[in-house]
Amino acid sequence: MILYLICFLCFIFFPVLSIFVSLFCYIIDKNRKGIFYSILIGLTLGIISYYFIPPIDYDLFRHHLVVEEFNGLNFKNFFLIAKNIDLEFIPKIYSYFISILGNNDLLQFFIVSLGYTILFYMLYDYRKQSCINNGLFIFITIFIIFGFNALYFISGLYCYIAMIIFSFGIYNEYIKCNNKIVSYILYILVLFIHNSLFFAFAIYLFYKLFKNKLNYKNIFICLLCLFFLNYFVGFLNSIINLEIINKLNETYNHYLIRNDYMKKFYSGIIFFIEISKLLMILICIFLQKEKNKFSGVNGYIILLSICTILMIPKSIVMIRFIMIIQFLGIIPIFDYFSKVNKNKILLLIIIIFLDLIYIGFFYRSFRNENFGGLLDKKLIENVFSIFRK
């Protein structure tokens, strides 16, 4: 209770600087519910994102333009516009809500706060089920968090929050084993936040048909269905004139056919970082000795990883898949260090090595993007306040 009070008071009086206190308590306090610390950390990172000034080529800049388009609209006029909105209608409703509040920067504040709160909660919650000491927890947290580029999250808000919510749905269904209806609702919800999650959801449906277990036959059937998915959607589009079918066809062509984005993405170190995440998590799964290690969350990660590897040459969906695998990767990583006795030191050295690369790339990307110039100077001026923009 004392730690809660210290963190809360630090957040009230020193909201930005309080993240160090919150992180410290988050690491050492293993016996309480981590949702409180997770919320404070998420809010602090949300405050930092609030002062982010998006360049014109960032998705966030375009999201702000959408908010400005809704400024001054009453609900009746918005409803008339909303009738023509495509399947991704949740971001439009959210943008309208932000326009009512009259501050564009709250757009990223709420989403970044929610996203990081969920991520840190998943880390903390599963740690309680594993015999992981504080040192290991720090390195693994760095592996997960620093491997997740904050600039990408702030820019591509809706895509990343959709991936986080989808990952939390998987976590809730297979690990928490809480009301599965909540997970099913989350799976459907993310499809209306960002269309790219349709592919991860389709693979999830295949996995459910396999009764949450993997074998070579099931993997082959899944890959075969994904290969013919384009022909199936195209066929439906030719005989059924429905908006949802047209949108699915457009989504498939945009994410699985186009490859201009990949030319920008695959630049040396970035390629290495993304693939290293995938391989590290797979290593932690395959080195486990449990008979059911290819079922549950692990089975879904393996199936998603196979699809990811096949999509390397041409698809931006690969990025989405790797991020989902990374969010869910806390489970096999924690399981490995809590249950496997061999090769722990070697794997820990590899994780520390990757941590250093992630931190270096994190710093380099901030420097190259002139991150300091992308933050409103009032963040520094108001470091002891919250919102005085």
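Quick caveat: nothing in here was measured; it's all calculated off a predicted structure. (Residues numbered from 1 in each chain as written. Predicted model: local features only at pLDDT ≥ 70, side-chain atom pairs only at ≥ 80, totals over all residues. Heavy atoms only, no water.)

## Topic: helix α1 (residues 2-13)
- Between its first and last C-alpha atoms α1 spans 17 Å; for twelve residues at 1.5 Å apiece the expected length is 16 Å, and the two agree.
- Here the buried face of α1 lies against α2 (18-28) and α3 (35-50). (Helix = DSSP H or I, 4+ residues; strand = E, 2+ residues; numbered from the N terminus. Expected span 1.5 Å × (residues − 1). Contact = heavy atoms within 4.5 Å.)

## Some words on the environment of F153
- Looking at where F153 falls in the secondary structure, it is placed in helix α9 (residues 150-155).
- What makes F153 buried here is its relative accessible area of 0%.
- Separated by 38 residues in sequence, F153 and G115 place their C-alpha atoms 8.9 Å apart. (Buried < 20%, exposed > 50% of the residue type's maximum accessible area, 1.4 Å probe, protein only.)

## Observations concerning the packing of aromatic side chains
- Using the criterion set out here, one finds 25 aromatic pairs in the structure.
- Seen from their ring centres, Y126 and F334 are 6.2 Å apart, and the 15° between their planes marks the pair as stacked. Separated by 208 residues along the polypeptide, Y126 in helix α7 (residues 106-128) and F334 in helix α20 (residues 330-339) bring together distant segments of the chain.
- Ring centres 6.4 Å apart and planes at 50° place the aromatic pair Y187 and F201 in the tilted group. One end of the pair, Y187, is in helix α11 (residues 180-191); the other, F201, is in helix α12 (residues 197-209), and 14 residues separate them in sequence.
- Taking the relative accessible area as the measure of exposure, Y187 reaches 0% and is therefore buried.
- Clustering of aromatic rings is evident, with ring pairs tying together F166, Y174, Y184, Y187, F201, Y204, Y207 and Y300. (Phe/Tyr/Trp six-rings, centres within 6.5 Å; stacked < 30°, edge-to-face > 60°.)

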